[in-house]
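An overview of the molecular structure
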Amino acid sequence: MNLPAAALPSRHPARSALRMLAAACLAAASMPAAGQSAAATSPPVPLDVPYVPTPQEVVDKMLDVAAVKAGDVVYDLGCGDGRIVVTAARDRGARGVGIDLNPQRIAEATANAQSAGVADKVKFRVGDLYKADVSQATVVTLYLLPEVNRKLRPQLWKQLKVGTRVVSHAFDMGNAWPPERVERVGGRDIYYWTIRPEHKSTGQ
Ligand SMILES: C[S@@+](CC[C@H](N)C(=O)[O-])C[C@H]1O[C@@H](n2cnc3c(N)ncnc32)[C@H](O)[C@@H]1O
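Let me begin by describing the structure that accompanies this report.

Here is what the cut-offs are and how they apply
- Residues numbered from 1 in each chain as written.
- Predicted model: local features only at pLDDT ≥ 70, side-chain atom pairs only at ≥ 80, totals over all residues.
- Near = placed C-beta within 6 Å.
- Helix = DSSP H or I, 4+ residues; strand = E, 2+ residues; numbered from the N terminus.
- Buried ≥ 20, exposed ≤ 12 C-beta atoms within 10 Å, placed from the backbone.
- Core = buried A, V, L, I, M, F, W, Y, C linked by C-beta atoms within 7 Å.
- Contact = placed C-beta atoms within 7 Å.

For the rest of this paragraph, the subject is the site of the ligand. Neighbouring the ligand are 23 residues; T54, G78, G80, L129 and Y143 lie closest to it. Of all the elements in the fold, those that place two or more residues in the shell around the ligand are α4 (83–92) and β2 (95–100).

Okay, here's the thing in structure tokens:
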């Protein structure tokens, strides 16, 4: 995985997010504990992004920035333990879908939805975010990596309806899609975009 932290200014907030993700990569690559096989501790396929959960105060701010409310359908691509989608359903009355390549994360997300009493409002499924159909979303949330966001951008422009809101924890979409808003909470940046008619006409 390419982690271009050195390309960022030393005090850039994305640096700390990249450091955390890099640490998670190293932990994931470390030897399994005695008695465990590598197969038991590794996801079944290589992940494009390691698992690092978004802190709850950042989750809440992401949902604020996107103005999530009842009637919204929130998709989290690389949903981890489902906290963004579960919070959107529990606190805002939204419906949601979480997609993650790691079945262990999907099992955790499903259990969390049940504990929070929102199992009827959310769905979690194992899948590759690059192959996901997100056309039913009114809000898409992301906590991925810079190069993953950039690769995902054409898919979002192609599939999402005009007016759909996109929020990303820590990472932007590069020069091709400058954010409309950037908010900061707990030392983290949150980037916000909406799908506009011109995105549908360019297709790229
Ligand atoms: C940084 S974590 C973010 C988790 C959650 N969205 C949050 O903010 O708490 C990234 C997640 O993406 C998942 N992931 C990595 N590559 C993926 C892929 N190609 N398709 C779907 N999920 C992926 C990982 O398993 C991990 O749970």
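Attention now goes to unusual backbone geometry. With the exception of glycine, the majority of residues adopt a negative phi angle, and the majority of peptide bonds are in the trans configuration. The backbone phi angle of A67 is positive, close to 50°, even though this residue is not glycine. Positionally, A67 belongs in the loop between α3 (56–65) and β1 (73–77). One non-glycine residue, A170, adopts positive backbone phi at about 80°. Of note, A170 is situated in the loop between β5 (165–169) and β6 (181–185). Overall, A170 belongs to the buried group, with 25 C-beta atoms counted inside 10 Å.

Formed by 45 residues in total, the largest nonpolar core has its most connected members in M62, V85, A88 and V140. Considering each element in turn, this core owes the most residues, five residues, to α4. Filtering out sequence-adjacent residues up to four positions away, M62 remains in contact with I84, T141, V167, H169 and I190.

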